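Residue-level listing of the chains:
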Amino acid sequence: MKFISTRDQTPATGIDEALVAGLAPDGGLFVPEQIPLPAWPSPTASLADTARAVLSPYFEDSSLRDRLDELCKHAYSFPAPLRALTHDGAASQQDYLLELFHGPTAAFKDYAARFLAAALAQLRPADAAPTTILVATSGDTGAAVAAAFHGRPGFNVVILYPDGRVSPRQAHGLGCWGGNVHTFRVAGSFDDCQRLAKQALADEALRTRVPLSSANSISLGRLLPQVAYYAHAALQFHAEHGDLLNVIVPTGNLGNACAAFVARRMGLPLGEIVLASNANDVLPRYFAGEAYSPRPTVATLANAMDVGAPSNFERLRHWHHDDAELRGALRAFAVDDATITATIRQAPQRHGIVPCPHTATGLHVLEQLRERGDRRPWTVVATAHPAKFESIVEPLVGHVVDPPPALAETLSRPAFAEPLAADYPALRSLLIRG
Ligand SMILES: *Cc1c(COP(=O)(O)O)cnc(C)c1O
């Protein structure tokens, strides 16, 4: 299996090189030359075994091929349960939740970050200079990447997050690692953090002194591992109900939703894929027929979805002949902050759960589909645990939301982040200082 760039200016590449490179040399995103159609794994297989089965076609020619089992056991060491929501207090036959928040940082990004970290550790030559993983984060990516690379020899992690724009528990999850993880709170927005990281990654003179890499959501090593939980849930659902799994995916950079799309293209039993956006409504506008037009990010309660130019859109375009075909493949809805708030407040009574603000966008889309008379089964993807956003969620539901054990463990550690000006020379000198 070879991988090509969405911009077609890069020769076909093996997966090992594509994982190490992150972005293709022509500035595009790596995609598989063809999407494979593997035999379905057993619906009773574990998440790790399902992951190995669906990922193995991509790793046929990889030096990691014989380690894939070990990588999957490491990355998928916590569950991704599919559960029925409630309706009037009884288990619903139509409404489901796919819980992707049982990892160390309580968000779905843990699965792929752990896979990528373990894969890059295997691919590193023993005598290579230490690599610095530079991550700009609006909250969740940084914590997942820090947790995944923490304590791994040969890697340093530098995290840039916008000071004051993440929840107190998100800030804690970014700053509680120490050791090889260095956390900076930047006096600026997420867009400033991303600009600084891009500047460093494009600075050839810097990169000859400090080997740099990124672990952002455009990496194949983030995209492909996410196919596994969709495969696992869809096979289980299909075996139990004889039906396709229709999913509603809270969306920012489109990484998670692209994985659902790849799972469907791989012939797995997924049906419709609907995107839930927050007030950053570039995708809903596009799918409603407007031209694709990235815009500046607006800050919302669902901060991990505050994206004005979804990077993975380039992959979706690559996989479709034209806009009409792409618009036929997915739907997208925008959900504003007032609606997120109302949805969280009503969710315990309506659905039997307390959702995080991201998951609430998906729940609201489910409610809209039901209001329009849609009677099919739908699964809302729960992208983070509500306890991570306690300052938003607790006042709305009127009680304390206990953190799950893995999150509680990180919250019990001290946390620290150094202040940093939103200024490239300041970042450059600290990267050189090491
Ligand atoms: C990252 C994130 C999202 C958005 O996922 P994308 O892959 O960027 O579309 C949604 N919810 C939570 C909690 C996240 O951390």
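Residues numbered from 1 in each chain as written. Predicted model: local features only at pLDDT ≥ 70, side-chain atom pairs only at ≥ 80, totals over all residues. Heavy atoms only, no water.

## Looking at the sheet that holds strand E11 (residues 331-334)
Ordered in space as E3-E4-E12-E9-E10-E11, the 6 strands form an open sheet in which the pairing is mixed. On the outer flanks of this sheet lie strand E3 (82-87) and E11, each paired with one strand and no other. On average, each strand axis in the sheet is inclined to that of its neighbour by 30°, with strand direction left out of account. Judged from the 4 bridges that link them, strand E10 (residues 270-277) and E11 form a sheet pairing that is parallel. Bridging across to E11, Ser277 finds its partner in Ala334. Against the sheet, helix H10 (residues 227-241) makes contact with E3, strand E4 (90-99), strand E9 (245-250), E10 and strand E12 (378-382), and its axis sits at roughly 145° relative to E9, the strand it touches most. (Pairing = 2+ DSSP bridges. Helix = DSSP H or I, 4+ residues; strand = E, 2+ residues; numbered from the N terminus. Axes fitted to C-alpha atoms, helices over the stretch in contact; angles between N-to-C directions. Contact = heavy atoms within 4.5 Å.)

## Some thoughts on the packing of aromatic side chains
Inspection of every chain in the model, using the stated rule, returns 13 aromatic pairs. On the numbers, 4.7 Å between centres and 40° between planes, the contact of Phe78 with Tyr111 is tilted. Remark: Tyr111 occurs in helix H4 (residues 109-123) and Phe78 occurs in the loop between helix H3 (68-75) and E3; sequence separation between them is 33 residues. With a centroid separation of 5.1 Å and 85° between ring planes, the pair formed by Tyr286 and Phe287 is classed as edge-to-face. One aromatic cluster is present, built from ring pairs that chain together Tyr76, Phe78, Tyr111, Tyr229 and Tyr230. (Phe/Tyr/Trp six-rings, centres within 6.5 Å; stacked < 30°, edge-to-face > 60°.)

## Brief notes about the site of the ligand
Around the ligand, a shell composed of 15 residues is seen, among which Lys109, Asp140, Gly252, Asn253 and Thr383 lie nearest. Between a nitrogen atom of the ligand and a side-chain N or O atom of Thr383, the distance comes to 2.8 Å. For the shell around the ligand, the per-class residue count stands at 6 nonpolar, 7 polar and 2 charged. (Near = heavy atom within 4 Å. Polar contact = N/O pair within 3.5 Å; in protein donor to acceptor, adjacent residues only side chain to side chain. Nonpolar A, V, L, I, M, F, W, Y, C, P; charged D, E, K, R; others polar.)

## Comments concerning the nonpolar core
Counting residues in each nonpolar core, the largest one holds 98 residues, and the members touching the most others are Leu55, Tyr58, Tyr76, Phe115 and Tyr230. With sequence-adjacent residues up to four places away left out, Tyr58 is seen in contact with Met1, Phe3, Ile15, Pro32, Ile35, Pro36, Leu224, Val262 and Met266. Counting 33 residues, the second largest nonpolar core, distinct from the first, contains Val335, Leu366, Val380 and Val397. (Core = buried A, V, L, I, M, F, W, Y, C linked by side-chain atoms within 4.5 Å. Buried < 20%, exposed > 50% of the residue type's maximum accessible area, 1.4 Å probe, protein only.)

## A word on the side chain of Ser138
Tracing the backbone shows Ser138 in the loop between strand E5 (131-136) and helix H5 (140-149). Here Ser138 is in contact with Pro162, Val166, Gln170, Phe190, Asn303 and Ala304, once residues within four sequence places are set aside.

## As for the state of the cysteines
Under the defined criterion, the tally for this structure stands at 0 disulfides. Cys176 forms no disulfide, and the closest cysteine sulfur to it belongs to Cys193, at a distance of 18 Å. Just so you know, Cys356 is unpaired, no disulfide at all, and the nearest cysteine sulfur is the one on Cys176, 19 Å from it. The buried category is assigned to Cys356, whose relative accessible area is 0%. (Disulfide = S-S within 2.5 Å.)

## So, the sheet that holds strand E13 (residues 418-421)
The 5 strands lie next to each other as E8-E5-E6-E7-E13, forming an open sheet whose pairing is parallel. Each of the sheet's edge strands pairs with one partner strand only, and the pair in question is strand E8 (212-213) and E13. Bridge analysis of strand E6 (residues 155-162) against strand E7 (residues 181-187) gives 6 bridges, and the strand direction is parallel. Paired with Ile159 across the two strands is Thr183, which belongs to E7. Packing of helix H19 (residues 424-433) onto the sheet brings it into contact with E5, E6, E7 and E13, and relative to E13 it is tilted by some 135°.

## Focus on the environment of Gln194
Considering the arrangement of structural elements, one finds Gln194 in helix H7 (residues 190-201). Given the relative accessible area of 25%, Gln194 is considered partly exposed. Along the sequence, Gln194 and Pro162 sit 32 residues apart, while their C-alpha atoms lie 9.8 Å from each other.

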